[in-house]
Amino acid sequence: MSVKSLNVTSKVKAAQNNVNPIMCISFQRIIYDYPITVYTSTVHDDAAKSRQRVADLGYKYQWKKLVKELKKNEHLINSCLLPVDESTSPQMYTPLHHAAFGKAPQNVFEVLINFGASKSLKTADGQTAYDIANRKGLDEKVLKMIEVPHEILENETVIKKMEVGLHKVILERVEKLVKENGQQLPQLSFLYEFGSFFYPVPGMYGGFSVSRQSDDGVENSDDGSKENNHRSKKDDKTSECAGEQVKSYEQTNESFNRSGMEGNMKKGIVVESWCRIAGGSGQRHEIDKEGIATLVDKGFL
């Protein structure tokens with residue numbers, strides 16, 4: 001099914017069932033919530049405090065307490081300490097980065113990976129958890145455990161080009177909001193590690209759905225993987241975060257390898273964006289492996 005027919009079908013079902021069409025789309029396509037980093041003023045106080053607790057425990061190497069906190073809030077497994085305002089620059093350290101820097105015991109890494117820690121996300125200075133652990137001289141077993149998937153490493157140049165195109169699409173539409181939110185732009189490697197993701201923009205009442213493009217349109221990443229708990233919370237003070245309407249699943253490395261990155265690389269990625277309170281706001285861009293973005297459809301939703 002093509003992307004366009006998917007949206008048409010979703011709108012028909014929405015009309016029949018009197019529900020939001022965005023929710024219908026989420027039921028037909030498995031999408032992860034991207035772990036956004038924004039100013040603390042952009043999210044609810046409780047959300048900012050929970051991220052602060054996770055970051056503090058990682059910074060202080062309190063591994064048992066960190067694991068306990070993440071068991072209660074698994075959706076924070078790839079979260080970073082939120083900056084207060086433009087005077088503070090986010091370091092973009094996730095719990096896995098903290099574990100690598102603090103030379104955590106092997107069992108801590110096992111728990112974090114089991115919770116869904118990303119191996120490909122980079123800090124503000126471009127370091128993966130593997131890079132940090134390797135520099136710190138951690139055990140080979142740990143390094144193997146947190147190694148970035150080979151498919152991402154082998155296609156790093158292509159992914160970077162497409163990431164530049166993705167950022168251009170986002171900024172052309174909501175650059176003002178991104179700046180006001182102090183929002184970090186998404187790292188495209190997340191797509192090739194987990195699968196399709198939704199990047200919400202607080203204040204937009206919507207966001208950007210990013211997927212690999214297959215021969216028949218957009219990938220369908222429903223491979224029967226078990227459901228996880230990495231759903232975003234209602235962090236947006238001004239609106240219900242659109243990410244709340246996205247169904248999240250855990251995708252194992254095995255299923256990731258089955259997806260065949262090489263074939264998807266030839267087709268590039270598809271980016272759908274919308275504001276759910278404005279009818280006809282949908283836009284669909286295709287970004288090829290050179291990072292060139294083309295608007296292929298608009299006016300849906």
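Residues numbered from 1 in each chain as written. Predicted model: local features only at pLDDT ≥ 70, side-chain atom pairs only at ≥ 80, totals over all residues. Heavy atoms only, no water.

Colleague: How should I be thinking about the packing of aromatic side chains in this particular structure?
Modeller: Any aromatic ring pair is given by two values, namely how distant the centres are and how the planes are angled relative to each other. Summed over all chains, the structure comprises 9 aromatic pairs. In this arrangement the basic side chain of Lys 136 is found over the ring face of Phe 101, its NZ or CZ atom lying 4.0 Å from the centre. We note Arg 284 situated over the ring of Phe 300; from NZ or CZ to the ring centre the distance is 4.3 Å. (Phe/Tyr/Trp six-rings, centres within 6.5 Å; stacked < 30°, edge-to-face > 60°. Lys NZ or Arg CZ within 6 Å of the ring centre and 35° of its normal.)

Colleague: What am I meant to see in the environment of Ser 196 here?
Modeller: In this structure, Ser 196 sits in the loop between helix H11 (189–194) and strand S2 (197–201). In the structure, Ser 196 is positioned 73 residues away from Ile 269 in sequence and 9.8 Å away in space, judged by C-alpha atoms. A distance of 2.9 Å separates polar atoms of two side chains, one belonging to Ser 196 and the other to Ser 211. (Helix = DSSP H or I, 4+ residues; strand = E, 2+ residues; numbered from the N terminus. Polar contact = N/O pair within 3.5 Å; in protein donor to acceptor, adjacent residues only side chain to side chain.)

Colleague: What's the story with the packing of helix H4 (residues 63–72) against helix H6 (residues 106–115) in this structure? I'm lost.
Modeller: When two helices pack together, their arrangement is captured by the angle between the axes and the distance separating the axes. Contact geometry of H4 with H6 gives a least axis separation of 11 Å together with a crossing angle of 15°. Relative to H6, the element H4 is oriented roughly parallel. As for the relative orientation of H4 and H6, their crossing is left-handed in sense. Along its contact with H4, which presents Trp 63, Val 67, Leu 70 and Lys 71, the element H6 presents Val 108, Val 111, Leu 112 and Phe 115. (Axes fitted to C-alpha atoms, helices over the stretch in contact; angles between N-to-C directions. Parallel < 35°, antiparallel > 145°, perpendicular 65-115°, else oblique. Left-handed = near helix turned anticlockwise from the far one by under 90°. Contact = heavy atoms within 4.5 Å.)

Colleague: Would you take a moment to explain the environment of Asn 181 for this structure?
Modeller: Inspection of the secondary structure assignment puts Asn 181 in helix H10 (residues 156–181). Spatially, the C-alpha atoms of Asn 181 and Val 201 are 8.4 Å apart, while their sequence positions differ by 20 residues. At a separation of 3.3 Å, a polar atom in the side chain of Asn 181 contacts the side chain of Gln 183.

Colleague: Can you walk me through H4 in this structure?
Modeller: Side chains that are three or four residues apart share a direction in an α-helix, a result of its 3.6 residues per turn. Restricting attention to buried positions, one finds in H4 the residues Trp 63, Leu 66, Val 67, Glu 69 and Leu 70. Buried positions in H4, seen along its axis, are confined to an arc of 160° and lie on one side of it. Of the residues in H4, the exposed ones pointing more than 90 degrees away from the buried face are Lys 64, Lys 65, Lys 68, Lys 71 and Lys 72. Elements that come into contact with the buried residues of H4 comprise helix H3 (45–59), helix H5 (95–101) and H6. (Buried < 20%, exposed > 50% of the residue type's maximum accessible area, 1.4 Å probe, protein only. Arc of directions from axis to C-beta.)

Colleague: Quick question: what am I supposed to make of the UniProt feature "repeat: ANK" (unreviewed entry) in the protein here?
Modeller: This chain's UniProt record puts "repeat: ANK" (unreviewed entry) on residues 91–124. Helix makes up 50% of residues 91–124 and strand makes up 0%, while its end C-alpha atoms are separated by 5 Å. (UniProt positions renumbered as here; feature names shortened; annotations may be inferred.)

Colleague: Please clarify how the pairing of strand S5 (residues 269–275) should be interpreted in this entry.
Modeller: When a strand is regular, its side chains alternate between the sheet's two faces. Judged by how many residues are buried, S5 sits mostly within the fold: 7 of 7 residues are covered. Of the two faces of S5, the one lined by Ile 269, Val 271, Ser 273 and Cys 275 and the one lined by Val 270, Glu 272 and Trp 274 are each fully buried. Where strand S3 (residues 206–214) and S5 come together, 7 bridges link them in antiparallel fashion. Bridge assignment links Ser 211 to a residue of S5, and that residue is Val 270. For S5 and strand S6 (residues 283–287), the ladder comprises 5 bridges, and the chain directions are antiparallel. If you follow Ile 269 over to S6, its bridge partner there is Ile 287. (Pairing = 2+ DSSP bridges.)

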